[in-house]
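Spelled out, the chains give:
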Amino acid sequence: MKVFYDPVQKTHVLTHEIIAGKKFRHHERPSRIDQIVRKLRSQPRFTFESPSPAPLEAIRAVHEEGYLALLRSSQDIGKEGVIWPYTFPNDPRLPLRAPATALTAGQYCFDVGTPIMRDTWQAALAAVSDAFSAAQHVRRGGLRAYALARPPGHHAANAMFGGYCYINNAAVAARYLSQYGEVLVVDFDFHHGNGTQSIFYDDPRVGFLSVHGHPEEEYPYFSGWENETGIDDGAGLNLNVPLRRDTSIEAYFSALSGALDAMLGRIQPKHLVLSAGFDIADRDPLGHFGFLPEHFARLGDLLASLKLPTVIVQEGGYLIAELGTNVEAFLLGFLERHEREFGK
Ligand code: OKP
Ligand code: ZN
């Protein structure tokens, strides 16, 4: 299986985050990538490739230009500088001034855990390039590819960053593939993929299925309920499965299988895009679903049984010591069944 990865993604370094007013060492660390790289490099079934730069049109098909201009302006920040919004507009009737500056970046931001530093743009661009190259590989007849994306993407919307996400890597892959037939995005990160949901909410060509911690208890709190089902031409193509803290593995799998069946009754996807979050792991500091490597293998097996060309996009996962092991278990579980039932 091809792994798309560019080491420039490691230059984006977040110093700390603020949770309930307190300062914490940031969870989304460059070392997350090291763990995955080390594991997958020791496995002959994975071959690493550098992505080619994602075309700007593919990114623009998901993100607003003024928003991208703000992200791009990160390159002009000094070495120690940061864009860290703490003031947010609150009257949608009032006009916003363009272009956004460091002081008004709050118009494009929904939380305070996601600062923009000098290297943020280049890292986010590399991450989305992984996802785009993986999608292109699959479009050209490859059966599967893994994008080792960092920073993650599923919380980023058309013109909104937050949740450690700037560019929605999976959404760029899905929008690109949707030119060639319907696409199903399955998001198994512990947190609701509010950005991806928002991007495809009215899109008849891309279905979104997310299983996540219940928003009454878990970030991002304002979305992820069952009654968010899509609008206009996208009505019925958004399916949220919120699960309470410490839901059992069996309950998780039966909920996911049921949701997959329901979704496949509504669209006939030609491609599958996975927002693969590993914060569902047992002992992850930000998730509570208790997945062990064997459960990740089973999850890979289940998703491979759809027998679709698949782009796997890395999202969260903060139990860094086990992240490589968990990703490897998932990918091998997927690969085993996908090769057997769908093709080498
Ligand atoms: C990004 B991804 C916990 C605060 C968590 C943000 C979590 C972002 C997760 N008390 N804040 O893995 O979905
Ligand atoms: Zn997450």
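Refer to the structure printed above.
A quick note: this is a predicted structure, and the numbers were derived from the prediction, not measured. Every chain is numbered independently, its residues counted from 1 as its sequence is written. Working convention: letters from A go to chains and numbers from 1 go to ligands, in the order in which they are written. With the structure being a predicted model, the display of local features is reserved for residues of pLDDT at least 70 and the display and counting of side-chain atom pairs for 80 or more, all residues being used for whole-chain, interface and lining totals. To get the side-chain values, take all heavy atoms of the structure and skip hydrogens and water.

Side note on the sheet that holds strand β4 (residues 47-49)
Backbone-to-backbone hydrogen bonds pair the strands of a sheet. The strands run either parallel or antiparallel.
In step 1: For two strands to be treated as a pair, DSSP must find no fewer than two bridges joining them. The way it works is that DSSP assigns letters per residue, a run of H or I at least four long becomes a helix, a run of E at least two long becomes a strand, and they are numbered from the N terminus. Ordered in space as β4-β1-β5-β10-β9-β6-β7-β8, the 8 strands form an open sheet in which the pairing is parallel. Here the strands that pair on one side only, and so sit at the sheet edges, are β4 and β8 (238-243). Averaged over all neighbouring strand pairs, the angle between strand axes comes to 20°, with direction disregarded.
In step 2: Both strand β9 (residues 271-276) and strand β10 (residues 310-314) contribute to a ladder of 5 bridges, which runs parallel. Considered in β10, the bridge of A276 is made with Q314.
In step 3: In this fold helix α4 (residues 120-139) packs onto β1 (2-4), β5 (144-147), β9 and β10, with an angle of close to 175° to the strand it touches most, β5. Note on geometry: axes are C-alpha line fits, over the in-contact stretch for helices, and angles between N-to-C directions span 0 to 180 degrees. When checking whether two residues touch, look at their non-hydrogen atoms; a contact exists if any pair is within 4.5 Å.

Quick look at the coordination of the zinc ion (ligand 2)
In step 1: The coordination sphere of the zinc ion (ligand 2) contains the protein donors D189 (OD), D189 (OD), H191 (ND1) and D279 (OD), at a distance range of 1.9 to 2.8 Å.
In step 2: Water is not part of the atom set, so a site may look incomplete; the donors themselves are N, O and S atoms within 2.8 Å of the metal, or 3.2 Å for Na, K and Ca. Taken in sequence order, the residues that donate to the zinc ion (ligand 2) follow the motif D-x1-H-x87-D. A residue pair is termed long-range when its members are at least 10 positions apart, and D189 in the loop between β6 (183-187) and α6 (194-200) and D279 in the loop between β9 and α8 (293-304) qualify at 90 residues.
In step 3: Residue burial is assigned from relative accessible area. The probe radius is 1.4 Å, only protein chains are included, and a residue is buried under 20% of its type maximum, exposed over 50%, and partly exposed in between. Among the residues examined, D189 registers a relative accessible area of 1% and is labelled buried.
In step 4: Residue classification places D279 among the buried positions, given a relative accessible area of 0%.

Regarding the packing of α4 against helix α5 (residues 169-177)
In step 1: Two elements in contact, α4 and α5, have axes separated by 8 Å at closest approach and are oriented at 30°. What the angle tells us is that α4 and α5 run roughly parallel. Between α4 and α5 lies a crossing whose hand is right-handed. Residues A124, A127, V128, A131, F132, A135, Q136 and R139 of α4 form the contact with α5, whose participating residues are N169, V172, A173, Y176 and L177.
In step 2: Gly falls in the polar group here, along with every residue not listed as nonpolar (Ala, Val, Leu, Ile, Met, Phe, Trp, Tyr, Cys, Pro) or charged (Asp, Glu, Lys, Arg). Of the residues in the contact of α4 with α5, the class split is 10 nonpolar, 2 polar and 1 charged. Geometric relationships in this document are graded by angle, where less than 35 degrees denotes roughly parallel, more than 145 denotes roughly antiparallel, 65 to 115 denotes roughly perpendicular, and other angles denote oblique. Each crossing gets its handedness from the near helix: less than a right angle anticlockwise from the far helix is left-handed, clockwise is right-handed.

Thoughts on the packing of helix α1 (residues 31-41) against helix α9 (residues 320-341)
In step 1: Where α1 meets α9, the axes come as close as 8 Å, and the angle between the chain directions of the two elements is 45°. Between α1 and α9, the crossing angle belongs to the class labelled oblique. Considering the relative orientation of α1 and α9, their crossing is right-handed. Side by side, α1 and α9 meet where S31, R32, Q35, I36, K39 and L40 of the first sit next to I320, A321, L323, G324, T325, V327, E328 and L331 of the second.

With respect to the site of ligand 1
In step 1: The full set of residues close to ligand 1 is I19, H154, H155, G163, Y164, D189, H191, Y219, D279, G316 and Y318.
In step 2: At 3.0 Å from an oxygen atom of ligand 1 is found a side-chain nitrogen or oxygen belonging to D279.
In step 3: Residue composition of the shell around ligand 1, grouped by class: 4 nonpolar, 5 polar and 2 charged. The near set for a molecule or strand comprises every residue that places at least one heavy atom within 4 Å of it. We define a polar contact as two N or O atoms separated by no more than 3.5 Å, with the added condition that, inside protein, one atom must be a possible hydrogen donor and the other a possible acceptor, whereas residues neighbouring each other in sequence contribute only through side-chain atom pairs.

A short note on unusual backbone geometry
In step 1: In this chain, A98 is followed by P99 through a cis amide linkage whose omega measures -5°.
In step 2: Summarising the element assignment, P99 is placed in the loop between α3 (65-72) and α4.
In step 3: Following R150, the chain continues to P151 via a peptide bond in cis, the omega torsion being 0°.
In step 4: Its location among the elements puts P151 in the loop between β5 and α5.
In step 5: One non-glycine residue, Y221, lies in positive phi territory at about 65°.
In step 6: By secondary structure assignment, the location of Y221 is in the loop between β7 (206-213) and β8.
In step 7: Here Y221 falls in the partly exposed class, since its relative accessible area comes to 45%.

Focus on the pattern of salt bridges
In step 1: Salt bridges, as used here, are contacts in which a Lys or Arg side-chain nitrogen is within 4 Å of a carboxyl oxygen on Asp or Glu. Counted by the stated rule, this structure contains 17 salt bridges.
In step 2: Close ionic contact of E65 with R72 constitutes a salt bridge, the shortest N to O distance being 3.5 Å.
In step 3: For E339, the salt bridge identified is with K344, shortest N-O distance 3.5 Å.
In step 4: Within the structure, one salt-bridge network assembled from shared partners comprises D301, R337, R340 and E341.

None of the figures reported here should be taken as evidence of function without further support.
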